[in-house]
Amino acid sequence: MTLHWFLVVFIQILHSVHSGNVSEIKNKQNAESILDYHSMPALSELDDFDLCLKNPEALYCIVDMVLMEDDTPLYQFIKNFSSLSYKNYMHSKLHRGVCASQNCGLNTTYANQTDTTENELKRCFNSSIHEGYGLQVESLSVRYCKTQNDYVPPDLLDYIVGVLLLAVLLVNFGCSAYVYLFPDEKEKCNRYLMAFCVQRNWKALKYGGSADGGIFKCFQALRFYTMVMILGLHSMIFIGYGYTANPEFIEKSYDDFFKSLLFNARVIVQIFFVMGGFLMAYKMLEYAETHRFTLKTVPMALINRWFRLIPAVLVVMGLAMTWVPHMGSGPMWDAVVKRERDLCRKNWWQLVILMPNLFPFEHLCLPQAWYLGTDTQLFLMTLVIMLVIWRWPRSGVPVLSVVMAISLLIPFLQSYFMKLLPIRVSIFPESIRDIFGYNDTFYHAYVSAQGNWAGYHLGVLTAYFYRKAQNQNWDLGNSFLMRLLFIASVPIALGTVLMGWDLHHREASVFESAIFNALNQNFFALAMCVFFIGYFFRCNKIYVSAVEWGPLQPLGRMSYCAMLLHATILRTYGGQMRRSFYATDYTAIMLYAGIVSTTYLFALPLYLFVEAPACQLQKLLLGPKRRIQQKEDLNANQVKPGISNVSVSTVSTHI
């Protein structure tokens, strides 16, 4: 009887244990099944900045934290979701703008970034996150803390730059007023002062000069189209970098056909490189019979290029490092605006020598100006190649062909041996949040000279082909094949933007990445070369009209100024935002339209007061020297057949 009851009790215990295990497994499965995107802690949040700092003792801190890994279903869900890093944020890394005085009991004595401040904030967030989600904070870092009285007054450099900029404005206004009040005296006015006449520069903006007409009229429209596309990409990057209330907008964009196009819109920048290579080579070929090309031309061309590009750069950089930081405030103001000020004050010289792309991207002053460094290096390399061809005219085709092969091979080998990602994939959410810092693919394959050499050289080959077509009177305008290629060039260019659309959803092999990086943007560049040839021979009226429309010409002339300004405008807009940005298709379009409009609105005075006067002064200073040099060249009778020397100003190309 005792044995019987013992067996009954034993069986009941086994049944209870088994039922408990099954119940626990079912509960775990149910918990995992009901977890979704909104079960995770918010990726980023901003407390009300102004409301917080109304209290004189208030403290507002920007912090980043990492969640502690554990076996809870929620953390495993976060881990699995974040593993798709090509299109999802790392949701175990959280970002907060917190009113530390209200939510964590801190006051202004904790304003300095000390271990005590970090420990107190970690304790505060550890408590709230554990209570709300059952998770813990492993580490926390404080970017900075803001108080009500942390205003920094202007310093000596601010006043120096302010006085210099004011002097430039006064010269512009003074010369313009003189011409307006004494129109009959303008012919007697000093021609150097006339370079600052706003009326004259406005006329040049609207109608251009002699160099803006003819076959190059399409380039202004293409500059504007390219800049608008780049602004679209950078608007998406702004949403991805900032404190967005719904980061899934960016994450789902990689699955959206139209939005995903913007993440590969970076190939559009090849238009700038193709145009740069074409203009340089074409001008050399065009003036080959009137100038001598020697080694002295190389440093002269670089000096001329520096004087042509640097005035607008100095003005934008000067404003970014002095007065722009005083123009607003906000929870992210120090992270985006004052950070740029600090970087510009430390690394200004990288821009002054026009070589910013040689330095780590995360530490650049005006990172959007990386193009200037890349284009300058390609400009120098092509000058040397042209010098070789001038010295040995028969080597033209072989040298250009070998350079083309090398310019394609280098990106392939670089990507293969460095195991770089496809360039398209390098624009992934966490990289956007880091502003592409520490991103080897972005640095070596996108902003480097070797990564863009092939596109630039395709422009050189296009100039070589077109000049030969002119000299031999080829009538390509009536060629059915040329007309067909011209019409197909735009769809093909758009098709290259679609290339690699699925790479955000899978991991590409090293070989596939190398092939993609070597060919993707260069297919786009080749399509644009075909477009240029078709335009020059006017093979399709619709395409020709699309790039010759009158209003696009002045907008294209302002594109260089727009390129320099747009990132600073985006930074100031993002820095002053008081609350998290909620992204929808509508708000993204409004942001995009606003950034384009504001950028070109501010580009107008930069062009009229700085860019146009600098261009006029350059012509006045170098014009007489060019004419003297040309006369000496003709008298010396040292012109060779093939590529010869060229006016230094004609090869100074920019955006």
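Residues numbered from 1 in each chain as written. Predicted model: local features only at pLDDT ≥ 70, side-chain atom pairs only at ≥ 80, totals over all residues. Heavy atoms only, no water.

A. Quick look at a nonpolar patch on the surface. Together, Leu409, Leu413, Tyr416, Phe417, Val510, Phe511, Ile515, Leu519, Phe523 and Leu526 give the surface a local cluster of nonpolar side chains, amounting to about 880 Å² of exposed area. Listing elements by their share of the nonpolar patch, those giving two or more residues are helix H16 (396–418) and helix H21 (510–536). The dominant element in the nonpolar patch, judged by the number of residues it contributes, is H21, at six residues. (Patch = residues over 30% accessible without salt bridge, like charges linked within 9 Å, V, L, I, M, F, W, Y side chains within 5 Å. Areas by Shrake-Rupley, 256 points an atom, 1.4 Å probe, with all protein chains shown as cover. Salt bridge = Lys/Arg side-chain N within 4 Å of Asp/Glu carboxyl O. Helix = DSSP H or I, 4+ residues; strand = E, 2+ residues; numbered from the N terminus.)

B. Representation of the packing of aromatic side chains in the model. Per the stated rule, a full pass over the model turns up 36 aromatic pairs. With centroids separated by 5.8 Å and ring planes inclined at 85 degrees, the aromatic side chains of phenylalanine 412 and phenylalanine 511 adopt a geometry described as edge-to-face. Separated by 99 residues along the polypeptide, phenylalanine 412 in helix H16 and phenylalanine 511 in helix H21 bring together distant segments of the chain. An aromatic cluster is defined as three or more aromatic residues linked by ring pairs; in this entry it consists of Phe219, Phe278, Tyr282, Tyr466, Phe532, Tyr535, Phe536 and Phe537. Stacked on the ring of phenylalanine 379, the Lys or Arg arginine 305 has its end atom at 4.9 Å from the ring centre. (Phe/Tyr/Trp six-rings, centres within 6.5 Å; stacked < 30°, edge-to-face > 60°. Lys NZ or Arg CZ within 6 Å of the ring centre and 35° of its normal.)

C. Local environment of helix H22 (residues 541–548). When we look at burial in H22, the residues that qualify are Tyr543, Val544, Val547 and Glu548. Axial view of H22: buried residues confined to an arc of 120 degrees, hence all on one face. Exposed and facing more than 90 degrees away from the buried side of H22 are Lys541 and Ile542. Contact partners of the buried residues in H22: helix H9 (217–241), helix H20 (480–498), H21 and helix H23 (552–557). A distance of 3.0 Å separates the backbone nitrogen of isoleucine 542 from a side-chain oxygen at the start of H22, and that oxygen is part of asparagine 540. (Buried < 20%, exposed > 50% of the residue type's maximum accessible area, 1.4 Å probe, protein only. Arc of directions from axis to C-beta. Contact = heavy atoms within 4.5 Å. Polar contact = N/O pair within 3.5 Å; in protein donor to acceptor, adjacent residues only side chain to side chain.)

D. Layout of unusual backbone geometry. Despite not being glycine, leucine 366 has its phi angle at roughly 50 degrees, a positive value. Looking at the element boundaries, leucine 366 is found in the loop between helix H14 (333–352) and helix H15 (370–391).

E. Here's a closer look at the sheet that holds strand E2 (residues 60–67). With mixed pairing, the four strands of this open sheet are ordered in space as E1-E3-E2-E4. Of all strands in the sheet, those with a lone pairing partner are strand E1 (44–46) and strand E4 (137–146), marking the two edges. Within this sheet the neighbouring strands show an average axis-to-axis angle of 15 degrees, counted without direction. Relative to strand E3 (residues 93–99), E2 runs antiparallel, the two sharing seven bridges. Its bridge partner lying in E3, isoleucine 62 is registered against glycine 97. This element, helix H5 (residues 115–133), spans E2, E3 and E4 of the sheet and lies at about 120 degrees to E4. (Pairing = 2+ DSSP bridges. Axes fitted to C-alpha atoms, helices over the stretch in contact; angles between N-to-C directions.)

F. How the structure looks around the state of the cysteines. Under the counting rule described, the total for this entry stands at four disulfides. One disulfide bridge connects cysteine 52 with cysteine 99, the sulfur atoms lying 2.2 Å from each other. In this structure, the disulfide formed by cysteine 52 and cysteine 99 twists by about 85 degrees around the S-S bond and is classed as right-handed. With cysteine 52 in helix H2 (residues 49–52) and cysteine 99 in strand E3, the pair connects residues that are 47 residues apart, well separated along the chain. For cysteine 52, a relative accessible area of 4% puts it in the buried group. Residue cysteine 344 pairs covalently with cysteine 365 via a disulfide, S to S 2.0 Å. Handedness here is read from the sign of the S-S torsion; for cysteine 344 and cysteine 365, about 85 degrees, the answer is right-handed. You can see cysteine 344 sitting in helix H14 and its partner cysteine 365 sitting in the loop between H14 and H15, a full 21 residues away along the chain. As far as the burial class goes, cysteine 344 and cysteine 365 line up, both buried. Sequence-ordered numbering of the disulfide-bonded cysteines in the chain gives the connectivity 1-3, 2-6, 4-5, 7-8. (Disulfide = S-S within 2.5 Å.)

G. Main features of the pairing of E3. Burial of E3 is extensive: six of the seven residues sit out of reach of the surface. When E1 meets E3, the two strands line up parallel, connected through three bridges. Across the sheet, residue serine 44 finds its bridge partner in E3, namely histidine 95.

H. Inspection of the packing of helix H13 (residues 297–321) against H14 at higher detail. Orientation of H13 relative to H14, taken along the N-to-C sense of each, is 165 degrees, at an axis distance of 10 Å. It follows that H13 is roughly antiparallel to H14 by the angle criterion. Between H13 and H14 the crossing geometry is left-handed. Every residue of H14 that contacts H13 at Trp306, Ile310, Val313, Leu314, Met317, Ala320 and Met321 is listed here: Glu340, Arg341, Cys344, Arg345, Trp348, Leu351 and Val352. Grouping the amino acids of the contact of H13 with H14 by side-chain chemistry returns eleven nonpolar, no polar and three charged. (Parallel < 35°, antiparallel > 145°, perpendicular 65-115°, else oblique. Left-handed = near helix turned anticlockwise from the far one by under 90°. Nonpolar A, V, L, I, M, F, W, Y, C, P; charged D, E, K, R; others polar.)

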